[in-house]
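Now for the letters of each chain:
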Amino acid sequence: MSLLTVQELLEDQGKTLELEILAGAKGLQNPIGHPRIQKYSLAFAGYFRFFHPDRVQIMGETEVSYLQTLPPPRQTEVIDALFAHPICCVVVTKSLEVPPSLLAAADRSQAPVLRSARKSSVVMTQLSAYVEDRLAPKTTVHGVLMDVYGVGVLILGKSGIGKSESALHLIQRGHRLIADDVVEVRQKENILVGSGLELLRHHIEIRGMGIVNIRDLFGVAAIRDHKKIELVVHLQEWDPRQDYDRLGLDEETHTLLGLDIPLVRAPVRPGRNISTIIEVSARNQLLRVMGYHSAEVLDRELLQQLIEVPTASKSFERNEE
């Protein structure tokens, strides 16, 4: 899991959510350890069984008004009980006034208290998406990611085998580029989402030509910022000694971040149109997702015919007699 600090959250979301820091500035390097956001809820009543201090804690109008109804001794007791836990940070919404005892406790425990001008629902939605994306398991892969007929196709293969050239041909045929050379892959629940590095986004390297900007050459319709990875096409040099799958019954997978993605191995040699093979692989993957497996259907039909042939032969022999 990636590391995310309160300081980074403040820098990245400060303008969008109109955040300001009220107390606990010494704890800005506190790590946020969980992608979910939490409201204090029953923690104010002393029930901490499901309280997770490594999550961003939200204080809205309900929580603040509840604290204001408490007599000062009880209010201090409740707040001290809260900050006895190693809270990563607190976000107060709607520009609400925060009790001084809470700010004092935040300074003592070095738990940053931030305040937003936005409503609780907006803050929770925005922060949930941001923190989940930042804390998602991720890795980088050397390859090309394309959107082909709506299927996210990750093209792999050793350097110089023709990944970028194949991608350029696909772009000319109306498909879209997500990333070239370095693909950043994030796991979100049970899917993998690929994107390009910010510096290299929308660019592609063609040997002998150099680096070109696909957005400038082909327009915004030729690019995407991110895409779910649904198929891996591995380009390999043709080896006449190797037996390649000619029926499509042997399904292979490529493992990324612990998840298995359908894999197609595409041997490369002069005369083979790799771009067309990638297109057909994407179409075939769409059929499989819909429950239709071409190779299995053909295999069943062949077996059925083999079963029927002996029966027909015996019938013919009886007629001859």
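Computed from a predicted model, the values in this text were never measured in an experiment.

## Side note on the sheet that holds strand β13 (residues 231-237)
Strand order in this open sheet of 8 strands is β12-β9-β8-β6-β7-β13-β15-β14, and the pairing throughout is mixed. Across the chains shown, the open sheet's two edge strands, defined by having one partner strand only, are β12 (226-228) and β14 (252-256). Each strand of the sheet is rotated relative to its neighbour by a mean of 40°, with strand direction disregarded. Across 10 bridges, strand β6 (residues 138-148) lies against strand β8 (residues 176-188) in antiparallel orientation. In the sheet register, Lys138 faces β8, and the bridge partner there is Arg186. Docked against the sheet, helix α6 (residues 163-172) engages β6, β7 (151-156), β8 and β13, running at close to 35° with respect to β6.

## Digging into the packing of α6 against helix α8 (residues 274-289)
Where α6 meets α8, the axes come as close as 9 Å, and the angle between the chain directions of the two elements is 70°. The orientation of α6 relative to α8 falls into the category roughly perpendicular. The handedness of the crossing between α6 and α8 is right-handed. Along its contact with α6, which presents Ser166, His169 and Leu170, the element α8 presents Ile274, Ser275, Ile278 and Glu279. Looking at the contact of α6 with α8 residue by residue, the class counts come to 3 nonpolar, 3 polar and 1 charged.

## Some remarks on the pairing of β7
Across the 6 residues of β7, 6 count as buried, placing the element largely inside the fold. Residues Val151, Val153 and Ile155 point to one face of β7 and Gly152, Leu154 and Leu156 to the other, with burial holding for every one of them. Bridge count for β6 against β7 is 5 bridges, and the pairing is antiparallel. In the strand pairing of β7, Met146 is matched with Val153. Hairpin connection between β6 and β7: a loop of 2 residues separates the two successive antiparallel strands, and Tyr149 in this loop has a positive phi of roughly 55°. The pairing of β7 with β13 spans 4 bridges and is parallel.

## With respect to unusual backbone geometry
If you check the backbone angles, Tyr149 has positive phi at about 55° while not being a glycine. Within the chain, Asp181 stands out as a residue other than glycine whose phi angle is a positive 75°. With respect to the helices and strands, the residue Asp181 is situated in strand β8. Using a relative accessible area of 31% as the deciding quantity, one classes Asp181 as partly exposed.

## Notes on helix α2 (residues 61-69)
For α2, the set of buried residues is Glu63, Val64 and Leu67. Buried residues of α2, seen end-on, are gathered within an arc of 95° and therefore sit on one face of the element. Set apart from the buried face of α2 by more than 90 degrees, the exposed residues are Thr62, Gln68 and Thr69. Next to the buried residues of α2 lie β2 (37-39), β3 (56-59), α3 (72-83), β4 (89-92) and α4 (100-109).

## Concerning the side chain of Ser275
Considering the arrangement of structural elements, one finds Ser275 in helix α8. By relative accessible area, Ser275 is classed as buried at 3%. At a separation of 3.1 Å, a polar atom in the side chain of Ser275 contacts the side chain of His169. Filtering out sequence-adjacent residues up to four positions away, Ser275 remains in contact with Ser166, His169, Leu170 and Arg173.

## Regarding the pairing of strand β5 (residues 113-116)
Alternating residues of β5 divide into Val113 and Arg115 and Leu114 and Ser116, and every residue in both groups is buried. Note: strand β1 (residues 19-23) against β5, 4 bridges, orientation antiparallel. Bridge pairing in β5 links Leu19 to Ser116. Viewed along the sheet, the connection from β4 through α4 into β5 turns out right-handed.

Cut-off values and rules
- Residues numbered from 1 in each chain as written.
- Predicted model: local features only at pLDDT ≥ 70, side-chain atom pairs only at ≥ 80, totals over all residues.
- Heavy atoms only, no water.
- Pairing = 2+ DSSP bridges.
- Helix = DSSP H or I, 4+ residues; strand = E, 2+ residues; numbered from the N terminus.
- Axes fitted to C-alpha atoms, helices over the stretch in contact; angles between N-to-C directions.
- Contact = heavy atoms within 4.5 Å.
- Parallel < 35°, antiparallel > 145°, perpendicular 65-115°, else oblique.
- Left-handed = near helix turned anticlockwise from the far one by under 90°.
- Nonpolar A, V, L, I, M, F, W, Y, C, P; charged D, E, K, R; others polar.
- Buried < 20%, exposed > 50% of the residue type's maximum accessible area, 1.4 Å probe, protein only.
- Arc of directions from axis to C-beta.
- Polar contact = N/O pair within 3.5 Å; in protein donor to acceptor, adjacent residues only side chain to side chain.
- Right-handed = clockwise from strand over helix to strand, strands pointing away.

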